[in-house]
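Single-letter residue listing:
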Amino acid sequence: MNFELSENQKLLQEMVSEFVQKEVVPRAKSLEDEHKFPRELLNKLGELGLLGMTVSTQYEGCQTDYLSLVLAIEEISKIFPSLAVIFSVHSSLFCYSINKFGTSSQKKKYLPPSAKGEIIGAFSLTESGAGSDATNLKTRAVKKGRTWVLNGTKAWVTSGSDADAFIIFTKAGSEAREKKLNAFIVEKNFPGLKVSKVEEKMGLHSSGTSEIVLEDCEVPEENLLGEEGKGASIALHCLDGSRIGIAAQSLGISQKAFEEAISYAKQREAFGKKLSQIQAIQFMLADIATLLESARFLTYRAANLYDKKKTFTKQAAMAKLYASEAAHKIVDKALQIHGGYGYSKEYLIEQLYRDVRVLSIYEGTSEIQRLVISRCLQEEY
Ligand SMILES: Cc1cc2nc3c(=O)[nH]c(=O)nc-3n(C[C@H](O)[C@H](O)[C@H](O)COP(=O)(O)OP(=O)(O)OC[C@H]3O[C@@H](n4cnc5c(N)ncnc54)[C@H](O)[C@@H]3O)c2cc1C
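**Student:** I keep staring at the overall build of the protein chain and nothing clicks. Help me out?
**Tutor:** Scanning the protein chain from N- to C-terminus turns up 10 helices and 10 strands. In terms of overall size, the protein chain behaves like a compact globule, its C-alpha atoms giving a radius of gyration of 21 Å where 381 residues would be expected to give roughly 21 Å. Viewed in the frame of its principal axes, the protein chain has a C-alpha envelope of about 80 × 50 × 40 Å. Burial status across the protein chain gives 51% buried among its 381 residues. For the protein chain, contacts bridging at least 24 residues in sequence account for 74% of all contacts bridging at least 6.

What follows is the structure in structure tokens.
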């Protein structure tokens, strides 16, 4: 089994790392502290072509393999997890779903500006009463002539405050028990769409997570994404892949926490020696490194299976489950190594401790990943 990155993947990783050092490092803390959506940084990612990694070249993207996308998400997450989740949703959910399920006129209209960063996309499945139970939506879409009229309230939309367009899921029929969904491409300026609330969150302050109200929101019939009634399979298909992206976010945050812990342990002294010379601290670092490396193998393996067009659902769920839960443990241990200073906002580890918590919740909680893995096992054995 070959775990070496290809030359192209290494070059991409270097390019993103240089971008992050030059452009993201100087701005990330103030944007995060001020809860500002990082629009300028997204424009720069667009100029570099990085917002088109899931867009085919026919529509002005630079469609790469999934492992390259994972590497890019990982690099950005090291410094600015809010930017990483915006980037991940835009690439692996918004652009990906249009590139995969869109009509050619939808692709022509939405993909080139999305690849350049002129459109930032969001993906809105969840509602207040439908998170894990994602088909239990209340939002309805009713066809009137050549227009769909959407009514309902969508919750927890990453980038919702500033996105230019959304993939919005609604119930397909009028029956409460109906499991079929529709998916629509909805522009922020369509009449009847309103950002009603920006969530105040524990972490990821710059990611613009919002509630979206649809009041007689008019969507042209040509903006139905995929076939009528096939929205649930579109959502599940896209989330299958994007889970690997959440595992990648976990890797980035974990790697940074590890580096912060080592550097702190090498300079802080207690009882006349450096922390890094105390065996209890060395063991914590050994545990962190082992968790991190295991998480990286699972994540890269899931991306590799995806790229080889092999079945990857189980491995993606395992990667998301393991990497996000490992990241909790890693950041917690890294904060412990910082002692009291880890609890101070002056140290990055405090922010990472808050940002890491959501990784085992969004895009399918850990419990839902276990359900997915169990279902795959039942089919296999
Ligand atoms: C910061 C943030 C950003 C988000 N961004 C987006 C976004 O861009 N787009 C979007 O559509 N959604 C988004 N979400 C929503 C997210 O995907 C949901 O919060 C998540 O799927 C969980 O749903 P819930 O919050 O309703 O929890 P619930 O489904 O109510 O779950 C509550 C608890 O019960 C457990 N549980 C539920 N059902 C089962 C079961 N059958 N078996 C075992 N345990 C179960 C869950 O694991 C969890 O522990 C975001 C959420 C957050 C916090």
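**Student:** Where do I start with the domain arrangement of the protein chain in this structure?
**Tutor:** Often, the extent of an interface is quoted as the loss of accessible area on bringing the components together. Each assigned domain of the protein chain is listed with its residue range as follows: domain 1 (7-119), domain 2 (123-228) and domain 3 (232-380). Here the C-alpha centre of domain 3 lies 21 Å away from the C-alpha centre of domain 1. At the interface, 21 residues of domain 1 touch 21 residues of domain 3. Of all the secondary-structure elements, those providing two or more residues to the side of domain 1 that touches domain 3 are helix H3 (66-79) and helix H4 (81-101). Each residue belonging to the side of domain 1 that touches domain 3 can be placed in one class, and the counts come to 12 nonpolar, four polar and five charged.

**Student:** Got a minute to help me understand the site of the ligand in this structure?
**Tutor:** Residues in close proximity to the ligand total 23 residues, the closest being Gly131, Ser132, Thr158, Thr365 and Glu367. Looking at the shell around the ligand, the elements with two or more residues in it are strand E1 (121-124), strand E3 (147-157) and helix H10 (366-380). A domain split of the shell around the ligand shows at least three residues from each of domain 2 (123-228) and domain 3 (232-380).

**Student:** Help me understand the pairing of strand E5 (residues 181-187), please; the structure alone is not making it clear to me.
**Tutor:** Counting buried residues along E5, six of its seven residues qualify, which places the element largely inside the surrounding structure. Where strand E4 (residues 165-171) and E5 come together, seven bridges link them in antiparallel fashion. Note that in E5 the partner of Phe166 across the bridge is Val186. Alignment of E5 against strand E8 (residues 224-225), held across two bridges, turns out to be antiparallel. Across the sheet, residue Ala183 finds its bridge partner in E8, namely Leu225.

**Student:** Would you explain H4 in this entry?
**Tutor:** Each turn of an α-helix holds 3.6 residues, which means side chains three or four residues apart point in the same direction. Between its first and last C-alpha atoms H4 spans 28 Å; for 21 residues at 1.5 Å apiece the expected length is 30 Å, and the two agree. The principal kink in H4, of about 30°, is found at Cys95.

**Student:** Quick question: what am I supposed to make of the packing of H3 against helix H6 (residues 231-267) here?
**Tutor:** A pair of packed helices can be characterised by two numbers: the angle between their axes and the separation between those axes. Look at H3 against H6: their axes get within 7 Å of each other, and the N-to-C directions meet at 40°. For H3 against H6, the interelement crossing comes out right-handed. Every residue of H6 that contacts H3 at Tyr66, Leu69, Val70, Ile73, Glu74, Glu75, Ile76, Ser77 and Lys78 is listed here: Gly241, Ile244, Gly245, Ala248, Gln249, Leu251, Gly252, Ile253, Gln255 and Lys256.

**Student:** What is the right way to read the environment of Gly226 from this model?
**Tutor:** Topologically, Gly226 is positioned in the loop between E8 and H6. Under the C-beta neighbour-count criterion, Gly226 is labelled buried, with 21 such atoms within 10 Å. When the C-alpha positions of Gly226 and Gly102 are compared, they lie 6.2 Å apart, and in sequence the two are 124 residues distant. Not counting chain neighbours up to four residues away, the residues in contact with Gly226 comprise Phe101, Ala183, Gly231 and Ile234.

**Student:** Mind showing me how you'd approach the nonpolar core here?
**Tutor:** Burial of nonpolar side chains together is a common tendency in soluble globular proteins. Grouped together as the largest cluster of nonpolar side chains are 120 residues, with contacts concentrated most on Ile76 and Phe184. Looking at which element gives the most residues to this core, the answer is H6, with 15 residues. Discounting chain neighbours no more than four positions away, the residues touching Ile76 are Val16, Val20, Val24, Leu83, Ala84, Phe87 and Gly252.

**Student:** Even after reading the chapter, I still don't get unusual backbone geometry, so can you show me in this structure?
**Tutor:** With glycine set apart, most residues show a phi of negative sign, and most peptide bonds adopt trans. The backbone of Leu204 shows a phi angle near 45°, a positive value even though the residue is not glycine. For Leu204, a count of 28 C-beta atoms within 10 Å gives the class buried. Positive phi values are uncommon outside glycine, yet Lys309 reaches one of about 60°. By secondary structure assignment, the location of Lys309 is in the loop between helix H7 (279-307) and helix H8 (313-337). A count of 7 C-beta atoms within 10 Å places Lys309 in the exposed class.

**Student:** How should I be thinking about the packing of H4 against H6 in this particular structure?
**Tutor:** Look at H4 against H6: their axes get within 10 Å of each other, and the N-to-C directions meet at 155°. Classified by the angle between their axes, H4 and H6 sit roughly antiparallel to one another. When you trace H4 past H6, the crossing you get is right-handed. Counting all contacts with H4, which are made through Pro81, Ala84, Val85, Ser88, Ser92, Leu93, Tyr96, Ser97 and Phe101, the residues of H6 involved are Ile234, Cys238, Gly241, Ser242, Gly245, Gln249, Gly252 and Ile253.

**Student:** How do you make sense of the environment of Lys109 when you look at a structure like this?
**Tutor:** Structurally, Lys109 is set in helix H5 (residues 104-116). Once the C-alpha coordinates of Lys109 and Cys95 are considered, the two residues, 14 residues apart in sequence, prove to be 12 Å apart.

**Student:** Hey, could you run me through the environment of Gly272 in this one?
**Tutor:** The residue Gly272 is located in the loop between strand E9 (269-270) and strand E10 (273-274) in this model. Residues Gly272 and Leu225, 47 residues apart in the sequence, show an inter-C-alpha distance of 65 Å.

Criteria and thresholds
- Residues numbered from 1 in each chain as written.
- Predicted model: local features only at pLDDT ≥ 70, side-chain atom pairs only at ≥ 80, totals over all residues.
- Helix = DSSP H or I, 4+ residues; strand = E, 2+ residues; numbered from the N terminus.
- Rg over C-alpha atoms; globule rule 2.2 N^0.38 Å.
- Buried ≥ 20, exposed ≤ 12 C-beta atoms within 10 Å, placed from the backbone.
- Contact = placed C-beta atoms within 7 Å.
- Domains from an automatic or database assignment.
- Nonpolar A, V, L, I, M, F, W, Y, C, P; charged D, E, K, R; others polar.
- Near = placed C-beta within 6 Å.
- Pairing = 2+ DSSP bridges.
- Expected span 1.5 Å × (residues − 1).
- Bend = angle between axes of the 7 residues up to and from the residue.
- Axes fitted to C-alpha atoms, helices over the stretch in contact; angles between N-to-C directions.
- Left-handed = near helix turned anticlockwise from the far one by under 90°.
- Core = buried A, V, L, I, M, F, W, Y, C linked by C-beta atoms within 7 Å.
- Parallel < 35°, antiparallel > 145°, perpendicular 65-115°, else oblique.

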